Amino acid sequence: MFTNNTFGKTVDIMQRTMDVSLTRREVIANNIANAETPNFKRTDVNFEASLARALASENAPKNLEAKMSSSRHIPFNRQVDYKSVQPRFVLDYLTQTKNNGNNVDIEQETMASTQNQMMYELMTTSMSSQFSRINMVLR
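What this report covers is the structure whose coordinates are included nearby. On a predicted model such as this, the values are computed, not experimentally measured, just so you know.

1. Things to note about the overall build of the chain
- The secondary structure content of the chain amounts to three helices and two strands.
- Reading the chain from its N end, one meets helices and strands in the order α-β-α-β-α.
- A sequence separation of at least 24 residues applies to 76% of the contacts in the chain between residues at least 6 apart.
- Surface exposure of the chain reaches about 10,100 Å², of which carbon and sulfur atoms provide 55%.

Written out as structure tokens, the structure is:
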């Protein structure tokens, strides 16, 4: 219904961000559950930076064309559809906080969980605000 306008795009981006927030919540819970498991490496979810690059690519200038003589060449101005961006799970192999090889820091995970919950609540409030505006217009 609202797919071809800014309202639809905004709602779709918020919905995708909320879905990633739920995924991130599961990952953080898994990290906390394995805080005492030897050699366990914490996992993080990357999404927002990829989404921002995809949204920026839609507004990139298209006047710089590169000559590509091979199909293996990478184009300069490759436009990325924001709908194709998926969350990426990243294992943290660089840090180690315990002698048993585990790198889960409970304080850090608790802070990430709180931050994630606040982001989810912000998205639900924003989504509610978007639909209340539509409701106001329809009345």
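2. With respect to the environment of arginine 42
- Of note, arginine 42 is situated in the loop between helix 1 (6-33) and strand 1 (43-46).
- Taking C-alpha positions, arginine 42 is 7.9 Å from asparagine 102, a pair spaced 60 residues apart along the chain.
- There is a polar contact of 2.6 Å between the side chain of arginine 42 and the side chain of glutamate 109.

3. Observations regarding the environment of serine 132
- Structurally, the position occupied by serine 132 is in helix 3 (residues 106-138).
- A distance of 2.9 Å separates the side chain of serine 132 from the backbone oxygen of serine 129, its partner in a polar contact.

4. Observations regarding helix 2 (residues 48-58)
- All buried positions along helix 2 are accounted for by Leu51, Ala54, Ser57 and Glu58. All buried residues of helix 2 project into a common sector of 125° when viewed along the axis, lining one side.
- Summarising the contacts, the buried residues of helix 2 are in contact with helix 1.

5. Considering helix 3
- Between its terminal C-alpha atoms helix 3 stretches 48 Å, which fits the 48 Å expected from 33 residues at 1.5 Å a residue.
- For helix 3, the full list of buried residues reads Glu109, Asn116, Met123, Met127 and Gln130.
- Looking at the buried side of helix 3, the elements it contacts are helix 1.

6. Details of the packing of helix 1 against helix 3
- Contact geometry of helix 1 with helix 3 gives a least axis separation of 9 Å together with a crossing angle of 155°. Overall, the two elements helix 1 and helix 3 adopt an arrangement that is roughly antiparallel. The crossing of helix 1 and helix 3 is left-handed.
- Tallied by class, residues from the contact of helix 1 with helix 3 come to 14 nonpolar, 10 polar and three charged.

7. Points about the packing of aromatic side chains
- Inspection of the entire model under this criterion finds one aromatic pair.
- When the centroid spacing of 5.6 Å and the interplanar angle of 85° are considered together, the rings of phenylalanine 7 and phenylalanine 131 count as edge-to-face. Here phenylalanine 7, found in helix 1, pairs with phenylalanine 131, found in helix 3; they are 124 residues apart in sequence, far enough to count as distant.
- Residue classification places phenylalanine 131 among the partly exposed positions, given a relative accessible area of 40%.

8. Quick notes on unusual backbone geometry
- Here asparagine 39, not a glycine, exhibits a phi torsion of approximately 60°, which is positive.
- Within the element layout of this structure, asparagine 39 appears in the loop between helix 1 and strand 1.
- Residue classification places asparagine 39 among the exposed positions, given a relative accessible area of 58%.

9. Quick word on the pattern of salt bridges
- Throughout the structure, instances matching the rule amount to four salt bridges.
- Salt-bridge contacts for aspartate 12 lead to arginine 16; the nearest nitrogen and oxygen are separated by 3.2 Å. On the criterion of helical spacing, the pair formed by aspartate 12 and arginine 16 is a turn pair, its members being four residues apart in helix 1.
- You can call aspartate 12 buried: its relative accessible area is 16%.
- A residue is classified by how much of its surface remains accessible, and arginine 16, at 21% relative accessible area, is partly exposed.
- For glutamate 48, the salt bridge goes to arginine 24, with nearest N and O atoms at 3.0 Å.

What counts and how
- Residues numbered from 1 in each chain as written.
- Predicted model: local features only at pLDDT ≥ 70, side-chain atom pairs only at ≥ 80, totals over all residues.
- Heavy atoms only, no water.
- Helix = DSSP H or I, 4+ residues; strand = E, 2+ residues; numbered from the N terminus.
- Contact = heavy atoms within 4.5 Å.
- Areas by Shrake-Rupley, 256 points an atom, 1.4 Å probe, with all protein chains shown as cover.
- Polar contact = N/O pair within 3.5 Å; in protein donor to acceptor, adjacent residues only side chain to side chain.
- Buried < 20%, exposed > 50% of the residue type's maximum accessible area, 1.4 Å probe, protein only.
- Arc of directions from axis to C-beta.
- Expected span 1.5 Å × (residues − 1).
- Axes fitted to C-alpha atoms, helices over the stretch in contact; angles between N-to-C directions.
- Parallel < 35°, antiparallel > 145°, perpendicular 65-115°, else oblique.
- Left-handed = near helix turned anticlockwise from the far one by under 90°.
- Nonpolar A, V, L, I, M, F, W, Y, C, P; charged D, E, K, R; others polar.
- Phe/Tyr/Trp six-rings, centres within 6.5 Å; stacked < 30°, edge-to-face > 60°.
- Salt bridge = Lys/Arg side-chain N within 4 Å of Asp/Glu carboxyl O.

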